[in-house]
Amino acid sequence: MNKIVLNFATAGLLLAAGSCHAAGALSFSSEETVDSSPTTVWKYVGDFNGFDLWHPQVRSSTVKGAGNKTGTVRTLKLSDGSELVEKLLKYDAAGTSYTYTSLKSPFPIKNYVATISVSPAAEGKTLMKWSATFDAVNIDEDIATEMVAIALNGGLGKVVANFQKPSAPEGASTAGSDSAAAAARAP
Amino acid sequence: MNALKFTVASALLVVGSSHAAGTLSVTREVTIDSTPATVWKLVGNFNALDVWHPAVRKSELNGAGTKVGTRRLLTLAEGKQVIIEQLTAYDAAKTSYSYTIVNSPLPVVNYKGTISLNATSDGKTLLKWTSNFEAPSGADDASATRAVETLYDSGLAKLVNNFARQ
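A quick note: this is a predicted structure, and the numbers were derived from the prediction, not measured.

### Notes on the overall build of chain B
- In terms of helices and strands, chain B carries four helices and seven strands.
- Across the 166 residues that make up chain B, the buried fraction comes to 36%.
- Summarising the internal contacts of chain B: among those between residues at least 6 apart in sequence, 48% fall at separations of at least 24.

This is the structure in structure tokens:
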């Protein structure tokens, strides 16, 4: 959070001096604890072409060429029909993280570079982190940051919700022939 | 149709034989608000039931991803019970796969299941999950059928919700 404030200050100084600022002067980062293992969560979010599975605003994702290779380009169609084109810069399966940049976007943002990573958290859970640096294009920087925050938090929220354990149903039993039904219900 | 099948099963039980494979069956169809190409990324992964089925906590693969014979070990949400299933057919072009249950706490035997996706006329996905199985000796047909129905319904509800437009 403090990081954002600092970056705003830096950008402000650069603007005041009449200079164009360095690429990626703004930043936003968010993280959530997900109630499943990193291995399982990575199946959901680790495919560069799988954004249409877990991001609520993305309706389809298509790639040209092999899936998770550096340089792979994905085209994302959003719910409102607009399109994003993004390129994979770095993919680390062992480290369960990938970094990409935006080539085309309907948002007033440029120099967008983002990293998604999952790592082990306490109790066998997962810490999912999504961070981005970018610049605003003809728009207030706090508005640009807000747009990025909404996109990132929207994705993280759905991942958290997907692995959230529902509360146990009343009278749940694991005895006898009801065990299958009990197993099929969420705990 | 079901009545006829039940009758056949009963007759076999009466003569003390194990009944024929696939005496009982469950079929569920749901419409999912996304294309088959997108839904298949999730459903077509034989090792991703831990992502989309609320009863499955962990899925581990024994073998290569989509090769016939590959087994998956599913740890259920309670963390104790496991199901072992084996891939018997995989057709990426037709977005369909079939599998058998090798070992499970479910009151079913000789279980053969198939999950398949098809496009609807308005660009959505029709998912069909169907199976044939039997109740093991000592368990009744209704319990076996109910167990499979519960498993399908809870999984499909979550899947539909995953692709529901906000």
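Once the structure has been displayed, the description carries forward.
### Concerning the nonpolar core
- Grouped together as the largest cluster of nonpolar side chains are 65 residues, with contacts concentrated most on Val41(A), Val148(A), Val108(B) and Val148(B).
- Once you skip the residues sitting within four places of it in the chain, Val148(A) turns out to touch Phe28(A), Ile109(A), Ala132(A) and Phe134(A).

### Regarding the sheet that holds strand β3 (residues 71–76) of chain B
Residue and element names in this part refer to chain B.
- Strand order in the open sheet formed by seven strands is β1-β7-β6-β5-β4-β3-β2, with antiparallel pairing between adjacent strands. Either end of the sheet is taken by a strand with one partner, and the two such strands are β1 (24–32) and β2 (56–62). Averaged over all adjacent pairs, the angle separating strand axes in this sheet is 20°, with direction ignored.
- In this structure, strand β5 (residues 96–103) lies alongside strand β6 (residues 109–119), joined through five bridges in antiparallel fashion. Pairing of tyrosine 97 across the sheet is with isoleucine 115, part of β6.
- Here helix α2 (residues 36–43) sits on the sheet and contacts β1, β6 and β7 (125–134); the angle it forms with β6, its principal contact strand, is near 150°.

### A word on unusual backbone geometry
- Of note in the backbone geometry, Asn138(A) takes a positive phi value of approximately 50° without being a glycine.
- Along the chain, Asn138(A) falls in the loop between β7 (126–136) and α4 (141–162).
- Judged by the 6 C-beta atoms lying within 10 Å of it, Asn138(A) is exposed.
- Look at Asn110(B): it is not a glycine, yet its phi comes out positive at around 50°.
- Note that Asn110(B) resides in strand β6.
- Residue class for Asn110(B) comes out partly exposed when judged on the 18 C-beta atoms lying within 10 Å of it.

### So, the pairing of strand β4 (residues 83–92) of chain A
Residue and element names in this part refer to chain A.
- In terms of strand pairing, strand β3 (residues 73–78) meets β4 through five bridges, oriented antiparallel. Paired with valine 73 across the strands is lysine 87, a residue of β4.
- The antiparallel hairpin formed by β3 and β4 contains four residues in its connecting segment, where glycine 81 sits at a positive phi of about 95°.
- Both β4 and strand β5 (residues 97–104) contribute to a ladder of seven bridges, which runs antiparallel. Across the sheet, the residue bridging to tyrosine 91 is tyrosine 98, located in β5.
- If you look at the hairpin formed by β4 and β5, you'll find four residues sitting between the two strands, and threonine 96 has a positive phi there, around 40°.

### Things to note about the sheet that holds strand β1 (residues 26–34) of chain A
Residues and elements named next belong to chain A.
- An order of β1-β7-β6-β5-β4-β3-β2 is seen for the seven strands of this open sheet, with the pairing classed as antiparallel. Strands with a single pairing partner mark the edges of an open sheet, and in this sheet they are β1 and β2 (58–64). Within the sheet, the average angular offset between the axes of one strand and its neighbour, ignoring direction, is 20°.
- Two elements, strand β6 (residues 109–120) and β7, share ten bridges in a ladder whose sense is antiparallel. From the neighbouring strand, lysine 110 faces β7, where its bridge partner is aspartate 135.
- Of the strands in this sheet, β1, β6 and β7 are in contact with α4, which crosses β1 at around 15°.

### Remarks on helix α4 (residues 141–162) of chain B
- For α4(B), which comprises 22 residues, the first-to-last C-alpha distance of 32 Å matches the rise-based estimate of 32 Å (1.5 Å per residue) to within 8%.
- When we look at burial in α4(B), the residues that qualify are Asp141(B), Ala144(B), Ala147(B), Val148(B), Thr150(B), Leu151(B), Tyr152(B), Gly155(B), Leu159(B) and Asn162(B).

### Description of the environment of Thr130(B)
- Looking at the element boundaries, Thr130(B) is found in strand β7.
- Among all residues touching Thr130(B), those that are not within four sequence positions of it are Ser25(B), Val26(B), Thr27(B), Gly113(B) and Thr114(B).

### A word on the confidence of the model for chain B
Residues and elements named next belong to chain B.
- When pLDDT is averaged along chain B, the result is 88; 86% of the residues meet or exceed 70.
- Low pLDDT, under 50, characterises residues 1–19; the predicted model gives this stretch eleven contacts beyond four residues in sequence or across chains.
- In the model output, the complex is listed with pTM 0.81 alongside ipTM 0.82.

### Notes on the environment of Thr38(B)
- If you trace the backbone, Thr38(B) turns up in helix α2.
- The exposure class assigned to Thr38(B) is buried, which follows from the 23 C-beta atoms found within 10 Å.
- For the pair Thr38(B) and Thr95(B), spaced 57 residues apart in sequence, the C-alpha separation works out to 11 Å.
- What Thr38(B) contacts, discounting residues up to four positions off in sequence, is Asp52(A), Leu53(A) and Ser60(A).

About the cut-offs
Residues numbered from 1 in each chain as written. Chains lettered and ligands numbered in written order. Predicted model: local features only at pLDDT ≥ 70, side-chain atom pairs only at ≥ 80, totals over all residues. Helix = DSSP H or I, 4+ residues; strand = E, 2+ residues; numbered from the N terminus. Buried ≥ 20, exposed ≤ 12 C-beta atoms within 10 Å, placed from the backbone. Contact = placed C-beta atoms within 7 Å. Core = buried A, V, L, I, M, F, W, Y, C linked by C-beta atoms within 7 Å. Pairing = 2+ DSSP bridges. Axes fitted to C-alpha atoms, helices over the stretch in contact; angles between N-to-C directions. Expected span 1.5 Å × (residues − 1). pLDDT = per-residue confidence, 0-100.

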